[in-house]
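# Understanding the architecture of this molecule
Chain residues, written in single-letter form:
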Amino acid sequence: MEMTKEMLFDVVDRTPFGDLVLIEDETTYGLVMAMYAFVRYARERGIKIMIDDVLDTLFLIKKQLEFLGVQEDFSDVLVIKTGGKMDVGKVVGRIPLETEPVIYLSRYESTVKEVFSEGEVHQHSPWP
């Protein structure tokens, strides 16, 4: 059975906030299309979306979408970057790479709190 945009959006609509959803796809472009679908979902529902871009993954997704014939600049998407150099979307925070997870998580939490406090994202957050 073919998955339509409406079917996918209905699944997202019925998923309670904070639930974890795992997407399994054996194709090489599954992540790319899932990212594009979530961005479109957020736009069509009037929801801001924030993406964690680790080591320029969002840049790679943008390029893969271009190869598939989809022009997406992510200009209205809030982005927190960990490492990397290629800016895609509206970068609202940067976190340097860390070898120590405790330091990384502390910096990540501080960055996210700052973004939330500036009103960039609705306060529907798991962060205290």
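It should be noted that the structure appears before, not after, this text.
Please read these numbers as outputs of a predicted model, since none were measured by experiment. Per chain, residue numbering runs from 1 following the sequence as it is written. Reporting of local features is limited, given that this is a predicted model, to residues whose pLDDT is at least 70; pairs of side-chain atoms are given and counted only at 80 or more, and all residues count toward the totals for whole chains, interfaces and linings. Hydrogens and water are ignored here; the side-chain numbers use all heavy atoms of the structure.

The rule is simple: take the accessible area with a 1.4 Å probe, protein chains only, and divide by the maximum for that residue type; under 20% is buried, over 50% is exposed, in between is partly exposed. By the criteria applied, helices consist of DSSP H or I runs no shorter than four residues and strands consist of E runs no shorter than two, each listed in order from the N terminus. Summarising burial for strand 2 (residues 78–82): 5 of the 5 residues are buried, a large majority. Here strand 2 shows two buried faces, one formed by L78, I80 and T82 and the other by V79 and K81. Pairing of strand 1 (residues 50–54) with strand 2, which is carried by 5 bridges, proceeds in the parallel orientation. Residue pairing across strands places I51 opposite V79, the latter belonging to strand 2. Across 5 bridges, the pairing between strand 2 and strand 3 (residues 90–95) is parallel. Being paired, for any two strands, means DSSP has found at least two bridges between them.

By the burial criterion, the buried members of helix 3 (residues 57–67) are L58, I61 and L65. Each buried residue of helix 3 sits inside an arc of 55° when the element is viewed along its axis, so together they form one side. Turning to helix 3, the residues buried within the fold contact helix 2 (30–45), strand 1 and strand 2. One or two positions beyond helix 3, positive phi appears at G69, with a value near 90°. Think of the arc as the fan of directions from the helix axis to the C-beta atoms. Contacts are assigned to residue pairs with any non-hydrogen atoms lying within 4.5 Å of each other.

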